[in-house]
Amino acid sequence: MSEPMSEPMSESPVRVAVVIGSNREGRFGPVVATWLLDRIGERDDFLPEVLDVASVELPTALSHSPSPAVAAELAKVTPALADADAFVVLTPEYNHSFPAGLKNLIDWHYGEWRAKPVALVSYGGVSGGLRAVEHLRQVFAELHAVTVRDTVSFHGAGAAFDEAGHPRDPVGPAAAAKTMLDQLAWWARALRDAKGRRPYGA
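All values reported here derive from a predicted model rather than from experimental measurement.

1. Remarks on the environment of A54
Along the chain, A54 falls in the loop between β2 (46-52) and α2 (68-74). Sequence-wise, A54 and P68 are 14 residues apart; in three dimensions their C-alpha atoms are separated by 20 Å. Excluding residues within four positions of it along the chain, A54 makes contact with S22, N23 and R27.

2. Brief notes about the nonpolar core
Among the nonpolar cores identified, the biggest contains 29 residues, and V89, I106, L136 and F140 are the most heavily contacted of them. Secondary structure elements with two or more residues in this core: β1 (14-20), α2, α3 (78-83), β3 (86-92), α4 (100-107), β4 (117-124) and α5 (130-142). With five residues, α5 is the single largest residue contributor to this core. When sequence neighbours within four positions are dropped, the list of residues in contact with L136 reads V89, T91, F98, L102, I106 and L120.

3. So, the pattern of salt bridges
For the structure on display, the rule yields 13 salt bridges. Here E42 and R39 are joined by a salt bridge, their closest N and O atoms 2.8 Å apart. Given a relative accessible area of 17%, R39 falls into the buried group. The partner of D182 in a salt bridge is R43, with the nearest N and O atoms 2.8 Å apart. Of this pair, D182 sits in helix α7 (residues 171-197) while R43 sits in the loop between α1 (29-41) and β2; the two residues are 139 residues apart in sequence, bridging distant segments of the chain. With a relative accessible area of 31%, D182 lands in the partly exposed category.

About the criteria used
Residues numbered from 1 in each chain as written. Predicted model: local features only at pLDDT ≥ 70, side-chain atom pairs only at ≥ 80, totals over all residues. Heavy atoms only, no water. Helix = DSSP H or I, 4+ residues; strand = E, 2+ residues; numbered from the N terminus. Contact = heavy atoms within 4.5 Å. Core = buried A, V, L, I, M, F, W, Y, C linked by side-chain atoms within 4.5 Å. Buried < 20%, exposed > 50% of the residue type's maximum accessible area, 1.4 Å probe, protein only. Salt bridge = Lys/Arg side-chain N within 4 Å of Asp/Glu carboxyl O.

Geometry only, nothing functional implied.
Here's what the structure looks like:
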């Protein structure tokens, strides 16, 4: 009797790291993250893992030989970034860009981002965090990551959600999330399959 065929790599669920990019006191990121994780949970093509910038303390002085204390902090996030097929990065907009804590997490890693897709979810005031998104696209391009075209953005985010953490207009954000996650799944599977045939950069 022949062995049962294993699930093709292209069809297996995408391991997605959801990065909450703010560590600011009173931050709104967890509200947006909970909503997004509910949307991801409605699908069967993703296996999510949450990485919270606020849960890790990394120094701004980068080092090729981190101390044991810094290595312990890196151990909280680096394996999950390395294992992920794709990322969703949630960011507010601070002073026309994205938070320093998020940049620090990004800068402590390199190969973990390479040849993987990144979806971007933003929130803020009038701009909805879109200026932060455009800056992140440049950063991830330098790291050889691929940012998907469509985003989810919440303008006037504090007023856009009710007291229970649900968008007051659920239809528009849900549709935007579906488009973004569809693109992320396609890119994740395409790049995962391509790297399975030929390592990136070889």
